[in-house]
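Summary of structural features
Each chain, letter by letter, is given below.
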Amino acid sequence: MRTEYEILSGAYDRAGDASGDIKRRLKQLGIDNNTLRRVAVTSYEMEMNIIIHSQGGVMGLMVDQDWITLYSKDTGPGIPDVQLAMREGFSTAGQDARDMGFGAGMGLPNMKRNADTFEITSLMGEGTQISITFKVI
């Protein structure tokens, strides 16, 4: 199974739509509750990062017999210091996101903590790509 979702920059009113659909699809496939929880947390964080920090992008899900893969690719601005962005509590979220209760600086750390593998690449002015896998139990 493979599906992609367009995520719009600043679309707070649609926050959770893609990650909610991912959770429903995996539940229908009978994915165990622990893996389902890990994927749900990670996909929500991924979706929010695109909404808050980018100019829009895509988030995707691929499922095969052994692995679940989440991936995202967004458009600009990129992350100047990925190591710094991986630190819990570090955030570059704007005031609009903070006023709505987002932007606590836990997105990337939560993604990595819940994943079996986590890869991130970011180019200034171009955007960020993330690939995350979960072993199907």
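Residues numbered from 1 in each chain as written. Predicted model: local features only at pLDDT ≥ 70, side-chain atom pairs only at ≥ 80, totals over all residues. Heavy atoms only, no water.

Some words on the overall build of the protein chain
Rule in force here: Numbering of helices and strands starts at the N terminus; helices are DSSP runs of H or I of at least 4 residues and strands are runs of E of at least 2. Any residue under 20% of the maximum accessible area for its type is buried, any over 50% is exposed, and the rest in between are partly exposed; the area is computed with a 1.4 Å probe on protein chains only.
Tallying secondary structure elements over the protein chain gives five helices and five strands in all. Counting helices and strands in the order they occur from the N terminus, the protein chain gives β-α-α-β-β-α-α-α-β-β. Summarising its shape, the C-alpha atoms of the protein chain cover approximately 40 × 30 × 25 Å along the three principal directions. When burial is assessed residue by residue, the protein chain has 48% of its 137 residues classed as buried.

Thoughts on the packing of aromatic side chains
Each aromatic ring pair is specified by the distance between its two centres and by the angle formed by the two planes. Defined as follows: Ring geometry is summarised as follows: Phe, Tyr and Trp rings, the Trp one being its six-membered ring, pair when their centres sit within 6.5 Å, and such pairs are stacked at plane angles under 30 degrees, edge-to-face over 60 and tilted between the two. Charges are assigned to positions over rings by a cutoff of 6 Å between ring centre and Lys NZ or Arg CZ, combined with an angular limit of 35 degrees from the ring normal.
Under the definition given, this model contains one aromatic pair. Judged by centre distance (5.8 Å) and plane angle (20°), the ring pair of tyrosine 12 and phenylalanine 102 falls under stacked. Taken as a pair, tyrosine 12 in the loop between β1 (2-7) and α1 (17-28) and phenylalanine 102 in the loop between α4 (95-99) and α5 (107-114) lie far apart in primary sequence, 90 residues in all. Directly above the aromatic system of tryptophan 67 lies the positively charged group of lysine 135, at a separation of 5.3 Å from the ring centroid.

Some remarks on the sheet that holds strand β2 (residues 57-63)
Heads up, the condition is: Strands were regarded as paired on the criterion that DSSP finds at least two bridges between them. Working convention: axes come from line fits to C-alpha atoms, limited for helices to the stretch in contact. Angles between N-to-C directions cover 0 to 180 degrees.
Here we have five strands laid out as an open sheet, ordered β1-β2-β3-β5-β4, and antiparallel in their pairing. This sheet does not close on itself; its edge strands, each paired only once, are β1 and β4 (117-123). Here the average twist between neighbouring strands, direction ignored, is 10°.

Section: the pairing of strand β3 (residues 67-74)
Residues in a regular strand project their side chains so that they alternate between the two faces of the sheet. Within β3, six of the eight residues are buried, which leaves the element mostly enclosed by the surrounding structure. The pairing of β2 with β3 spans seven bridges and is classified as antiparallel. Within β3, the residue paired with leucine 61 across the bridge is leucine 70. Linking two consecutive strands that pair antiparallel, namely β2 and β3, is a turn of three residues. Looking at chain direction, β3 and strand β5 (residues 127-135) are connected through seven bridges and run antiparallel. By the bridge assignment for β5, serine 72 is matched with isoleucine 130.

Comments concerning the environment of alanine 104
Selection criterion: Only heavy atoms matter for contacts: two residues are in contact if any of them lie within 4.5 Å across the pair.
Examined against the element boundaries, alanine 104 turns out to sit in the loop between α4 and α5. Overall, alanine 104 belongs to the exposed group, its relative accessible area being 55%. Between the alpha carbons of alanine 104 and serine 91 there is a distance of 6.3 Å; along the sequence they are 13 residues apart. Setting aside anything within four residues of it in sequence, one finds alanine 104 in contact with Gly89 and Ser91.

A closer look at the nonpolar core
Note the threshold: Among buried residues, those of type Ala, Val, Leu, Ile, Met, Phe, Trp, Tyr and Cys that are joined through side-chain atoms within 4.5 Å constitute a nonpolar core.
Membership of the largest hydrophobic core comes to 32 residues, with the highest contact counts inside it found for Leu26, Leu108, Phe118 and Ile132. Only β1, α1, α2 (33-53), β2, β3, α5, β4 and β5 provide two or more residues apiece to this core. No other element matches α2, which puts seven residues into this core. Leaving out residues up to four positions away in the same chain, leucine 108 has contacts with Asn49, Ile79, Ala85, Met86, Phe118, Ile120 and Ile130.

Looking at the packing of α2 against α5
To keep it simple, the criterion reads: For classification purposes, angles smaller than 35 degrees are called roughly parallel, those larger than 145 roughly antiparallel, those between 65 and 115 roughly perpendicular, and all remaining angles oblique. Each crossing gets its handedness from the near helix: less than a right angle anticlockwise from the far helix is left-handed, clockwise is right-handed. In this classification, Asp, Glu, Lys and Arg are treated as charged, Ala, Val, Leu, Ile, Met, Phe, Trp, Tyr, Cys and Pro as nonpolar, and every other residue, Gly included, as polar.
The N-to-C vectors of α2 and α5 enclose an angle of 155°; their axes lie 9 Å apart at closest approach. Relative to α5, α2 is oriented roughly antiparallel. Here α2 runs over α5; the crossing is left-handed. For the pair α2 and α5, contact is made by Arg37, Arg38, Val41, Thr42, Glu45, Met46 and Asn49 and by Gly107, Leu108, Asn110, Met111 and Asn114, respectively. Considered class by class, the residues forming the contact of α2 with α5 number four nonpolar, five polar and three charged.

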